[in-house]
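Observations on chain architecture
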Amino acid sequence: MNTVALPTALAEIVDDFQAVTEPERLQLLLEFSRELPELPERLKDHPELMEQVVECQSPLFLTIETEKSDGGAADSVRLFFKAPPEAPTTRGFAGVLHEGLDGLSPAEILAVPDDMPELLGLTRAITPLRMRGMTAMLGRIKRKVAALPQHS
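Let us look at the structure shown here. Per chain, residue numbering runs from 1 following the sequence as it is written. Local features in a predicted model are, by the rule used here, given only for residues with pLDDT of at least 70; side-chain atom pairs are given and counted only at 80 or more, and totals for whole chains, interfaces and linings are based on all residues. To obtain the side-chain values, all non-hydrogen atoms of the structure were included, while hydrogens and water were left out.

1. Describing a negative patch on the surface
Patch criteria: residues need more than 30% relative accessible area and no salt bridge. Like-charged residues are merged within 9 Å; nonpolar side chains of Val, Leu, Ile, Met, Phe, Trp and Tyr are merged within 5 Å. Reported accessibility uses the Shrake-Rupley method at a 1.4 Å probe radius. Residues are deemed covered only where the shown protein chains occlude them. Take a side-chain nitrogen of Lys or Arg and a carboxyl oxygen of Asp or Glu: if they are within 4 Å of each other, that pair is a salt bridge. In this tally, Lys and Arg are treated as positive and Asp and Glu as negative; His is ignored, and so are the chain termini. Charge coordinates come from a single atom per side chain, which is NZ of Lys, CZ of Arg, CG of Asp or CD of Glu. A cluster of acidic residues, E12, D15, D16, E31, E35 and E99, forms a negative patch on the protein surface. Looking at the negative patch, the elements with two or more residues in it are α1 (8–18) and α2 (22–35). By definition, any uninterrupted DSSP run of H or I lasting at least four residues is a helix, any uninterrupted run of E lasting at least two residues is a strand, and each is numbered from the N terminus. With three residues, the top contributor of residues to the negative patch is α1. Note on placement: E31 falls in helix α2. Residue E31 is classed as partly exposed on the basis of its relative accessible area, which comes to 36%. Think of it in three bands: residues with accessible area under 20% of the maximum for their type are buried, residues over 50% are exposed, and the middle band is partly exposed, with areas taken using a 1.4 Å probe on protein chains only.

2. Observations concerning the nonpolar core
What makes a nonpolar core is a set of buried Ala, Val, Leu, Ile, Met, Phe, Trp, Tyr and Cys residues whose side-chain atoms join them at distances within 4.5 Å. Judged by nonpolar contacts, the single largest core of 40 residues is most densely connected at F81 and M116. For this core, the elements supplying multiple residues, two or more each, are α1, α2, β2 (61–68), β3 (74–82), α4 (88–101) and α6 (128–146). Looking at this core element by element, the count peaks at seven residues for α6.

3. Focus: the pattern of salt bridges
Considering all chains together, one arrives at ten salt bridges under this definition. The salt bridge involving K44 is made with E41; its shortest N-O contact spans 3.3 Å. Pair noted here: K44 and E41 are both in helix α3 (residues 41–44), with a separation of three residues, about one helical turn. Between E51 and R143 there is a salt bridge, with its nearest N and O atoms 2.8 Å apart. On the criterion of sequence distance, the pair formed by E51 in strand β1 (residues 51–52) and R143 in helix α6 is long-range, its members being 92 residues apart. Looking at R143, the relative accessible area reads 46%, which means it is partly exposed. Residues joined in a network through salt bridges with shared partners are E51, E55, R140, R143 and K144.

Remember that the coordinates give geometry; whether it matters functionally is a separate question.
Here you go:
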């Protein structure tokens, strides 16, 4: 599959998934689940600062923050996810998106194809409902980025 349109880190993750068999892809997803960073203290006790992705089967919350230079438009987007440890698939998807998108510019995130989750090759190993959850996570991130002031 063509990963040329993807940001480098995300393209490398997709390549990793495509290089292994389906059972190994599930193991790789579990590794991403374990690597999802904890929320910073300022977000841990403030669920109102995060938005739930209701399309996910497990409770998943996310938010974005931006880093700016020279007081202008956002230079980079930071992603934060909250997903329960007993939801490894959802956490794994969040881990993939965190590792692949965190720190990118708004334009880079907005350029990620909406069907990117399908590039991971998990459509046979994971239920369509779970795949919709990942697509919804990406869509929510892109919608929040698009709503940023001066995102272009």
